[in-house]
Amino acid sequence: MVTSQVFGVPRLVIAAPSSGSGKTTVATGLMAAFAGRGLAVSPHKAGPDYIDPGYHALATGRPGRNLDAYLCGPELVAPLFAHGAAGCDLAIVEGVMGLYDGAAGRGELASTAQVAKLLRAPVVLVVDASSQSRSVAALVHGFASFDPQVRLGGVILNKVGSDRHEAMLREALEEAGTPVLGVLRRAPQVSAPSRHLGLVPVAERRADAVASVAALAEQVRAGCDLEALLALARSAPALDCAVWSPELALAEADARGRAAAPADGLAPAPGAGRPVVAVAGGAAFTFSYAEHAELLTAAGAEVVPFDPLRDEQLPERTAGLVIGGGFPEVYAPELSANEPLRKAVADFAAAGGPIAAECAGLLYLARSLDGKPMCAVLDADARMSERLTLGYREAVAVSDSSLAAAGTRLRGHEFHRTVVDPGAGEAPAWGFTHPERRVEGFVRQGVHASYLHTHWAAEPSVARRFTGAAAARP
C-alpha cells in the first residue's frame, strides 16, 4: 500500500433488512443503468460471495471486487475499494445479508453496516414491500436509528403491487421523513435462476444473463430517481486512505519476512521469462477474486486461463496450477469425459508441480465426484450431500506446501454441499481454530487442496510463495 491520500469517488452502499429483499436486482440494475449513461462504474460486493460480482462485471464492464472485513480485516476495506474504484465516476457496493448481519458472534464485523462506515458511504435500503403498507415506516425507522454512524440516505421499494400500494408506502415513509428513491414493481422476468448455492453464475448463462442485466437496467431507469441517487452518492465525504497495490502489498509481505518460497528467495531469474501459472475458468470454475491474478502477476507469474470443460491440455509451459471454486458437481460428466486434461493434471501433480485448489478444485483433484472419475491426484472421493456447510473460519497451515508455510494464519470461508471421503496417509492443509477445532484439506508433494476459500490480499506471501514454487520448476 501507499501513504494515505484523499479519495473522493462518489459512492453508494445498497443494503436491505434481510436476504431475499432484492439487493442484487437493484445493485446490478443501478450499475447497468449508470454505465449506460456513460459513467465509469466501479462494482463491489460486501462479503465473500463470488457469484454476484459476475453480474456486476457484466453490468459495468469492470471486474467485480469483494470487500470483506473478516477475510481481509477492516483495515483493508477502504484501500481495496480505492484500488478498484480508481479513476471511476461512481462506485456501487452491494451489501451482504441484512444491513447489520455479519460474522456470527463478532458484532458488526463483516456486516454491510461496517463496510458502509469504513467507506463513509451513504446507504440505500432496498425493502421488499410485498406484504406491508404503513409498517414499512416502522421498519425503516428501526434500521435508520439502530446505529447513528450509519447514514441511511433513502429507500428503494421493491415488489410493489399496484399504484394504490405505492401511494400507501410513500405516505408512510413521508411521515417518517425517509426519501423514496425508487419503486420497483414485481417483475419475475428479470430474476436470475438459482440453485443449491445461490444464483447461477454468469459464465453458465451468458446470453440470458446479458438480457437479464439489460432488463434490470431498464426497470431501474423506469422506477428509480437516478439523479437523486447520483446526488446522494456525490454527497459522500472524501476518504483519507491508502490505495492497495499488489506490488506494494508484496513488498510489505517481503519486508515482514513471511514470504519464503520452497527454495528461499526464488523468483523468476532475469531474462528467464515469467513462470506460467494456469488458472482454471469456464463454466465449472467461476469463483475467483480479481486480486489473486493481480498478486500472481506482481509476484512474477504469467497468468494464463484455461477451461477444463474444453481444453484437452494445460497451457503451454505451465509451471503452476490454480483451480478455484465453482460448480464441478453440475458438470461432473463433462469434466470426467475430458480424459486428456485429467491425465495432464495428474501427470503435472505426479511430477511435483505446484497446485493450489480451493473447494471445486479439491473436488476436481479427487479420485471421483458422484461416481464420475476425476483427476485422481488425491486419495479421496467426493459426493453431493444434503447438508450445507457455510461460514467463516480461522485457520492455520498445518503442513508446509507450495501455497503456505506451516504456521501461516489466514481467515477463510466455507460454502459447499459436498463431502470428501479421504483415504489414509494424506497430510491436512489447514487446522481450523474457530469456530470449531478440526483439520481439513490435503497436502501432497506440490498440491495444496482444501474447501477453504481465502482472499490472498490478507496474506500476499502466499502469492509470492506459489510463484516461487512455479519458478523453481525445471
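Throughout, residues of each chain are indexed from 1 in the direction in which the sequence is written. Reporting in this predicted model follows two pLDDT cut-offs: at least 70 for local features of residues, and 80 or more for side-chain atom pairs to be given and counted; totals over whole chains, interfaces and linings ignore these cut-offs and use all residues. Each side-chain value is worked out from all heavy atoms of the structure, with water and hydrogens disregarded.

A word on the nonpolar core
The test is simple: Joining through side-chain atoms within 4.5 Å is the link that ties buried Ala, Val, Leu, Ile, Met, Phe, Trp, Tyr and Cys residues into a set, and such a set is a nonpolar core. Partly exposed residues are those whose accessible area sits between 20% and 50% of the maximum for their type, while under 20% is buried and over 50% is exposed, using a 1.4 Å probe and protein chains only. Note on conventions: DSSP H or I runs of at least 4 residues are helices, E runs of at least 2 residues are strands, and numbering of each starts at the N terminus. Here, residues are in contact when the closest pair of their heavy atoms is within 4.5 Å.
Core analysis: the largest hydrophobic core is formed by 116 residues, its most contacted members being Leu30, Phe81, Leu119, Leu157 and Leu229. It is helix 1 (residues 23-36) that contributes the most residues to this core, seven residues altogether. With residues up to four places along the chain from it excluded, the contact list for Phe81 reads Phe7, Val9, Arg11, His44, Leu67, Ala91, Val93, Leu119 and Leu239. One finds Ala349, Ala357, Tyr364 and Tyr451 within the second-largest nonpolar core, a separate group that totals 38 residues.

Observations regarding the side chain of Arg65
Mapped onto the elements of the fold, Arg65 is located in strand 4 (residues 65-67). What Arg65 contacts, discounting residues up to four positions off in sequence, is Pro43, His44, Lys45, His83, Gly84, Ala290, Glu291 and Glu294.

Some remarks on the packing of aromatic side chains
Counted only if it meets this: The aromatic pairing rule takes the rings of Phe, Tyr and Trp, using the six-membered ring of Trp, and pairs them if the centres are within 6.5 Å, calling planes under 30 degrees apart stacked, those over 60 edge-to-face and the rest tilted. Here, a charge over a ring is recorded when the distance from Lys NZ or Arg CZ to the ring centre is within 6 Å and its angle to the ring normal is within 35 degrees.
Per the stated rule, a full pass over the model turns up eight aromatic pairs. A centroid spacing of 4.2 Å and a plane angle of 20° characterise the contact between Tyr70 and Tyr392, whose relative ring orientation is stacked. With Tyr70 in the loop between strand 4 and helix 3 (77-85) and Tyr392 in strand 18 (residues 380-397), this residue pair connects regions lying 322 residues apart in the sequence. We classify Tyr70 as buried; its relative accessible area is 2%. An aromatic cluster is built from Tyr50, Phe287, Tyr289 and Phe327, whose rings are joined through pairwise contacts. Over the ring of Tyr70 we find Arg411; its NZ or CZ atom is 4.3 Å from the centre of that ring.

A few points about the side chain of Gln114
The test is simple: Polar contact is the term for a pair of N or O atoms within 3.5 Å; when the atoms are in protein, one must be able to donate a hydrogen and the other to accept it, and sequence-neighboring residues count only if both atoms are side-chain atoms.
Relative to the helices and strands, Gln114 resides in helix 4 (residues 112-119). Looking at Gln114, the relative accessible area reads 9%, which means it is buried. Within the structure, Gln114 has its side chain in polar contact with the backbone nitrogen of Ala110 (distance 2.7 Å). Those residues in contact with Gln114 that sit more than four places away from it in its chain are Ala69, Pro74, Glu108 and Leu109.

A look at the sheet that holds strand 5 (residues 90-94)
Condition: Between any two strands, at least two bridges found by DSSP are needed for them to pair. Only the stretch in contact is used when fitting a helix axis, every axis being a line fitted to C-alpha atoms; angles between N-to-C directions are given from 0 to 180 degrees.
Here seven strands make up an open sheet; going across it, the order is 4-3-5-2-6-7-8 and the pairing parallel. Strands at the two margins of the open sheet, each flanked by one partner only, are strand 4 and strand 8 (180-185). Pairs of neighbouring strands in the sheet enclose a mean axial angle of 25°, with direction left out of account. Summarising the sheet, strand 7 (residues 152-160) and strand 8 pair through four bridges and their orientation is parallel. Each residue of the ladder has a partner; that of Val155, found in strand 8, is Val180. The sheet contacts of helix 5 (residues 135-146) involve strand 6 (123-128) and strand 7, and relative to strand 6 the element is tilted by about 145°.

Brief notes about the pattern of salt bridges
Definition in use: Just to be clear on terms, a salt bridge is a Lys or Arg side-chain nitrogen sitting within 4 Å of an Asp or Glu carboxyl oxygen.
Scanning the model with the defined rule gives 26 salt bridges in all. Where Arg221 meets Glu218, a salt bridge forms, and the shortest distance between an N and an O atom there is 3.2 Å. Of this pair, Arg221 and Glu218 both sit in helix 7 (residues 206-223), three residues apart, which is roughly one turn of the helix. Using a relative accessible area of 39% as the deciding quantity, one classes Arg221 as partly exposed. The partner of Arg438 in a salt bridge is Glu436, with the nearest N and O atoms 3.2 Å apart. By sharing partners, the salt bridges in this structure join Asp163, Glu166, Arg170 and Arg185 into a single network.

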